[in-house]
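What the coordinates show
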Amino acid sequence: MTETFYDVLRRQGITRRSFLKFCSLTATSLGLGSAAAPRIAHALETKPRTPVLWLHGLECTCCSESFIRSAHPLTKDVVLSMLSLDYDDTLMAAAGHQAEAIIEEVKKKYKGQYIVAVEGNPPLNEDGMFCIQGGRPFIDKLKETCADAKAIISWGSCASYGCVQAAKPNPTRATPVHKVISGKPIINVPGCPPIAEVMTGVVTYMLTFDRVPELDRQGRPKMFYGQRIHDKCYRRGHFDAGQFAEAWDDEGARKGYCLYKMGCKGPTTYNACSSMRWNGGVSWPVQSGHGCIGCSEDGFWDKGSFYDRVTDIKQFGVESNADKVGGTVAAVTGAAIAAHAAVTALARARSKNETNGE
Amino acid sequence: MSAYETQGFKLDNSGKRVVVDPVCRIEGHLRVEVNLDENNVIQNAVSTGTMWRGLEVILKGRDPRDAWAFTERICGVCTGTHALTSVRAVEDALNIQIPENAHLIRNIMQLNLYVHDHLVHFYHLHALDWVDVVSALKADPKKTSELAQSISSWPLSSPGYFRDIQNRLKKFVESGQLGPFMNGYWGSPAYKLPPEANLMAVTHYLEALDFQKEIVKVHTIFGGKNPHPNWLVGGVPCAINLEGTGAVGAVNMERLNLVKHVIDQAAEFVEKVYLPDLLAIASFYKGWGYGGGLSSQAMLSYGDIPDKANDYSAGNLLLPRGAIINGKLDEIHPVDLKDPEQIQEFVTHSWYKYPDESKGLHPFDGITEPNFVLGKNTRGSKTRIEAFDEGGKYSWLKAPRWRGHAMEVGCLPRMVMAYLQPQRYPMIKDTIDRALKQLDLPLTALFSTLGRTAARGIETLYCARLQQDMFGRLMANLKAGDLNTANIEKWEPSTWPKEARGVGFTEAPRGALGHWIKIKDSKIDNYQCVVPTTWNGSPRDPKGQIGAFEASLLGTPLAKADEPLEILRTLHSFDPCLACSTHVMSPDGQEMTSVKVR
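About the thresholds
- Per chain, residue numbering runs from 1 following the sequence as it is written.
- Following the order in which they are written, the chains are lettered starting with A and the ligands numbered starting with 1.
- Two thresholds apply to this predicted model, a pLDDT of at least 70 for residue-level local features and 80 or more for giving and counting side-chain atom pairs, whereas whole-chain, interface and lining totals are computed over all residues.
- Helix numbers and strand numbers start at the N terminus; a helix is a DSSP run of H or I with at least 4 residues, a strand a run of E with at least 2.
- Any two residues are considered in contact once their C-beta atoms, placed from the backbone, lie within 7 Å.
- Under the convention adopted here, Pro, Cys and the residues Ala, Val, Leu, Ile, Met, Phe, Trp and Tyr are nonpolar, Asp, Glu, Lys and Arg are charged, and Gly plus all remaining residues are polar.
- The predictor attaches a confidence to each residue, called pLDDT, with possible values from 0 through 100.
- Think of it this way: DSSP has to see at least two bridges between two strands before they count as a pair.
- Every axis in this analysis is a line fitted to C-alpha atoms, fitted for helices over the stretch in contact. Angles between the N-to-C directions lie between 0 and 180 degrees.
- These domain limits were set by an automatic method or by a database of domain assignments.
- Whether a residue is buried, exposed or partly exposed is read from the other C-beta atoms within 10 Å of its own C-beta, which are placed from the backbone; 20 or more gives buried, 12 or fewer gives exposed, and intermediate counts give partly exposed.
- The arc refers to the directions leading from the helix axis to the C-beta atoms.
- Any angle that is under 35 degrees is reported as roughly parallel, and any over 145 degrees as roughly antiparallel; angles of 65 to 115 degrees are reported as roughly perpendicular and all others as oblique.
- Throughout, a crossing is termed right-handed when the near helix is turned clockwise from the far one, and left-handed when it is turned anticlockwise from it by less than a right angle.
- With the strands aimed away from the viewer, a crossover counts as right-handed if its path from the first strand over the helix to the second runs clockwise.
- In this usage, the nonpolar core is the set of buried Ala, Val, Leu, Ile, Met, Phe, Trp, Tyr and Cys residues whose C-beta atoms join them within 7 Å.

**Focus on the overall build of chain B**
If you tally the helices and strands in chain B, you get 16 helices and 19 strands. Considered along the principal axes of its C-alpha atoms, chain B spans approximately 65 × 65 × 50 Å. Within chain B, counting contacts between residues at least 6 apart in sequence, those at least 24 apart form 74% of the total.

**Some details on the overall build of chain A**
Within chain A, the secondary structure is distributed over 14 helices and 7 strands. Partitioning the contacts of chain A with sequence separation of at least 6, the portion at a separation of at least 24 is 70%.

**Focus: the interface of chain B and chain A**
Each partner contributes residues to the interface: chain B has 89 residues there, and chain A has 82 residues. Mapped onto the side of chain B that touches chain A, the elements with two or more residues apiece are strand 3 (16–20), helix 1 (55–59), helix 2 (67–72), helix 6 (159–174), helix 7 (195–215), helix 8 (217–223) and strand 14 (384–387) of chain B. By residue class, the composition of the side of chain B that touches chain A is 41 nonpolar, 31 polar and 17 charged.

**Side note on the confidence of the model for chain A**
Atom-level detail of predicted coordinates should not be read off regions where pLDDT is low. Mean pLDDT over chain A stands at 86; residues scoring 70 or higher make up 82%. For residues 312–332 of chain A, every residue scores under 50 in pLDDT, and the model assigns this stretch 20 contacts once sequence neighbours within four places are set aside.

**Quick look at the sheet that holds strand 3 (residues 115–119) of chain A**
Residues and elements named next belong to chain A. As summarised here, the arrangement of the 5 strands in space is 2-1-3-6-7, forming an open sheet in which the pairing is parallel. In this open sheet, the two edge strands, each paired with only one partner strand, are strand 2 (83–88) and strand 7 (186–189). Neighbour-to-neighbour, the strand axes of the sheet open up by a mean angle of 20 degrees, direction not taken into account. In terms of strand pairing, strand 6 (residues 151–155) meets strand 7 through 4 bridges, oriented parallel. Among the inter-strand pairings, I153 is bridged to a residue of strand 7, identified as I187. Together, strand 1 (50–56), strand 3 and strand 6 form the strand contacts of helix 7 (residues 138–146), whose direction differs from that of strand 1 by roughly 165 degrees.

**Quick word on the confidence of the model for chain B**
Residues and elements named next belong to chain B. Residues of chain B with pLDDT of at least 70 account for 97%, and the chain-wide mean is 95. pLDDT under 50 marks residues 585–598. Its contacts with residues more than four places away, or in other chains, come to 38 contacts. Two summary scores accompany this predicted model of the complex, namely pTM at 0.91 and ipTM at 0.95.

**Quick look at the sheet that holds strand 19 (residues 523–530) of chain B**
Residues and elements named next belong to chain B. Reading across from one edge, 17-18-19 is the order of the 3 strands in this open sheet, with antiparallel pairing throughout. The open sheet is flanked by strand 17 (499–508) and strand 19, the only strands paired with a single partner. Strand-to-strand twist of the sheet, defined as the mean angle between neighbouring strand axes without regard to direction, takes the value 15 degrees. Pairing of strand 18 (residues 511–520) with strand 19, which is carried by 7 bridges, proceeds in the antiparallel orientation. Bridging across to strand 19, W516 finds its partner in Q528.

**Concerning the domain arrangement of chain A**
All names here are of chain A. When its domains are assigned, chain A resolves into domain 1 (49–224) and domain 2 (227–357). Counting from both sides, the interface comprises 14 residues of domain 1 and, opposite them, 13 residues of domain 2. Among the secondary structure elements, those contributing two or more residues to the side of domain 1 that touches domain 2 are helix 8 (156–161) and helix 9 (196–209). A class-by-class count of the residues in the side of domain 1 that touches domain 2 yields 9 nonpolar, 2 polar and 3 charged.

**Focus on the environment of S188(B)**
Residue and element names in this part refer to chain B. For S188, the location among the structural elements is in the loop between helix 6 and helix 7. Note on S188: 14 C-beta atoms within 10 Å, which makes it partly exposed. Between the C-alpha atoms of S188 and A559, which are 371 residues apart in sequence, the distance is 7.7 Å.

**Digging into helix 5 (residues 141–151) of chain B**
Residue and element names in this part refer to chain B. Every buried residue of helix 5 is accounted for by P141, T144, S145, L147 and A148. Down the axis of helix 5, the smallest arc covering the buried residues is 160 degrees, so these residues share one side. Contact partners of the buried residues in helix 5: helix 6 and helix 7.

**Focus on the packing of helix 12 (residues 449–479) of chain B against helix 15 (residues 565–573) of chain B**
All names here are of chain B. The interhelical angle for the contact between helix 12 and helix 15, taken along N-to-C directions, is 40 degrees, at an axis separation of 8 Å. Considered as vectors, helix 12 and helix 15 are oriented oblique to each other. Crossing of helix 12 against helix 15: the hand is left-handed. Across from T449, R452 and T453 in helix 12, the residues of helix 15 making contact are R569, T570 and S573.

**A closer look at the pairing of strand 6 of chain A**
Residues and elements named next belong to chain A. Most of strand 6 sits out of view: 4 of its 5 residues are buried. Across 5 bridges, strand 3 lies against strand 6 in parallel orientation. When the sheet's bridge partners are listed, V116 is paired in strand 6 with I152. Each parallel crossover has a hand, and the one from strand 6 via helix 8 to strand 7 is right-handed.

**Comments concerning the environment of E251(A)**
Residues and elements named next belong to chain A. Relative to the assigned elements, E251 resides in helix 12 (residues 251–254). Residue E251 is classed as partly exposed on the basis of its C-beta count, with 15 C-beta atoms lying within 10 Å. Sequence separation of E251 and V310 is 59 residues, and the distance between their C-alpha atoms is 22 Å.

**Focus: the pairing of strand 19 of chain B**
Of all the 8 residues making up strand 19 of chain B, 6 are buried; the element is thus mostly covered by neighbouring parts of the structure. Hairpin connection of strand 18 of chain B to strand 19 of chain B: 2 residues between the antiparallel strands, including D521(B) at a positive phi of 50 degrees.

**Thoughts on the nonpolar core**
The biggest cluster of nonpolar side chains holds 283 residues, and the ones touching the most others in it are V118(A), M407(B) and M415(B). The element best represented in this core is helix 4 (residues 100–126) of chain B, accounting for 14 residues. Residue assignment places this core across two domains, with domain 1 (49–224) and domain 2 (227–357) of chain A each supplying three or more. Excluding anything up to four places from it in sequence, M415(B) contacts I428(B), I432(B), A455(B), I458(B) and E459(B).

**Focus on unusual backbone geometry**
Residues and elements named next belong to chain A. Residue H72 is joined to P73 through a cis peptide bond whose omega torsion reads -5 degrees. You can see P73 is positioned in the loop between helix 4 (62–67) and helix 5 (75–82). Going from K168 to P169, the amide bond is cis rather than trans, its omega being 5 degrees. Inspection of the secondary structure assignment puts P169 in the loop between helix 8 and strand 7. A positive phi angle, close to 75 degrees, is found at T61, a residue other than glycine. Its 25 C-beta neighbours within 10 Å are what place T61 among the buried residues. Even without glycine at this site, E126 takes up a positive phi of about 55 degrees. Along the chain, E126 turns up in the loop between strand 3 and strand 4 (132–133). E126 gets classed as buried once you count the C-beta atoms within 10 Å, which come to 23.

Spelled out as structure tokens, the structure:
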């Protein structure tokens, strides 16, 4: 019989006490409160490690690189104890026939029980041969591997939305996973790449609670993508006070003023960067002085320069529906932001006048 | 083709054909086919880049100041190096000078990438070619401890420490769920390490996995995140504020302390774990001298890490620039990326179309029009290929050549060219000499799979130390009162000439990387990248000359014909990156042609 996650921990000499502590920490880091800890413990005590087949299409491997940066839990512990990473061409020992045989084996042995994690996307032009694996188009491998999966995780903006290779004019017709796979739960975890602990957080949530996390309209887990960068930005106070960096390395930049005028896309970007930060909480783009480029948003490559203000966002023409919707939402939000900024500036001018008047 | 000779190699594709696809533990998608003789010795090798993303056409018409972000997404493993190459290309085109602090911070970030990338490559992408995980279960932890303590003062080396790891591994293997170690080549006679060395290496595989995430924090501080930190044309985006109001929101003393802490830790890990492991493992594989390929005859490096700011001439580079051809180590040729006669790309055997495919094109005039046609002897169908025909087109990689020569790029060329100039690179020469002495090997032993792997380790130590030096220089410059991080004189496109063109180069961890940009009316008119794995993994050219991957596999015997362990070992020694190497396309190259099996 396949052993459970708890068995694995116990065999590693981890005490019951440390195990429960781990569960309560997990509960807290997922924002679930301490009441969820016993449920996590129960789930982990009774479940075998879930096989994960991690596929790579057109991509740059930044998602894998991000995944191995996870600080809590450590990637080592995820791979050795929490799931069974049976296929991942970036890390696996085997290659060629020995590697491909694993997919067949897992499909048979764990039918309906395994998770497919997809990094990158399939190109559809040229009969799919812009991404060839085992002599065949990646799209075939993707469809076959997903056929018996329990759920699919679309890692990063490539799998979720298309990302850089799908930027105009998308010469290979790179296509997000949810547009070619149907009939399975698909969780989009966008970002270029997503934050490491968001990735391990999504996986451990699914393994722990044995369900797909609550998703928004775009298929993103609400727990990590429910709020905009701008909503939780530590420089928000400067935005509200009308204090902006006006040029690179100016006085405002050195004082950590708002980067809105430098093109920051924080106001239109849903992600956890401003709360969770990156690489063990060390920093995140705005803290390090560059505006958010909006890398977790659909079609972020085609919304004008990274240095255009969000009000300058161009309307979309005759693009696909997703682009249209995304563009419209961005434009509306952009307009709202402009109004927001105007109100802020007005308030500031008023208080200035009042001060002068006194 | 049945048999022919090129570059001193004999190729013969008459024997049994073995296909390895996918080649795992690399970035991107690569396929290799080899022909074996009756003794399982490789007589022909065919390397195929199996993906194409089309980034160059996507860049056309965009703002040149945005190009770093697009090109950075060419590769998330060597993250940042394309971005740096891109901002250098734009700055070259627009004649922008960057401030001293930006220069030093960029150098620190690039060196930081080297240390991280090489370490992850050695332990997580390459080690399993030399290290038998299952054999580690048979090791005596006490003897493992003795071995570890005999080669390094690294403190995590007690018998109990190794026993704990071994127990964890044992139970993992016994669970029957082998995860990434499933279907590995465990027990193959090609593995030579004793169980104790295997246990030490597997332990450090896990330790390095924990540690690598610390190294990149330097990118996070200066660039906001890793992978894919942020960059800026004209400098770096992070402002410095040491003591004024708001310093807490900029690069301040606490941030600098964190950078120092991380780079010191990284240097210690490289010195006390990576290099001792490398030499220990190498000592058991001394007899396996295969995989040299082109390295003893043709090597190329663009050089990197400028010493003084804004000077990209060969004499100012702390990683050497030059070309060696015809095996003449006493002559290092100058390299000019703008000279149309030097770097040219050919497509005779690549899935692209040129008006005249007998000629190569310089990247400034590059065309990338996809043309997926298969040679007449291809086995299988368009979407179910059993074996490619190397007589026809067979790769998404172009074939770059330097003055007509196929070249190897990467750490080995860099380290050899540094070794040959000891007055300029004394530390590198010294480290190589010590390693060779310890292993009792001649200099020519470097021209091998193992030599490539060793060169990477030696370079890592050099870069880890250089990173510490650069940090010292940054602090000295800040002490002198200079806080500038960006030059914004030419930030606004209205200050640019109507037309401009420039070249940016770096040495990516995997080798020579160049970006060629043409700017017209403030927009990108043409953008071409020639990247390391395009050089190393290139298909054949009109003369039938083979690239570095193909050359390196010839003559290698396989312990078992159906287990590609030796093939993986040699390919991994190059650290292939296929997302980088698969070329991009020209502005007018949007027409997609259908495949014809002729």
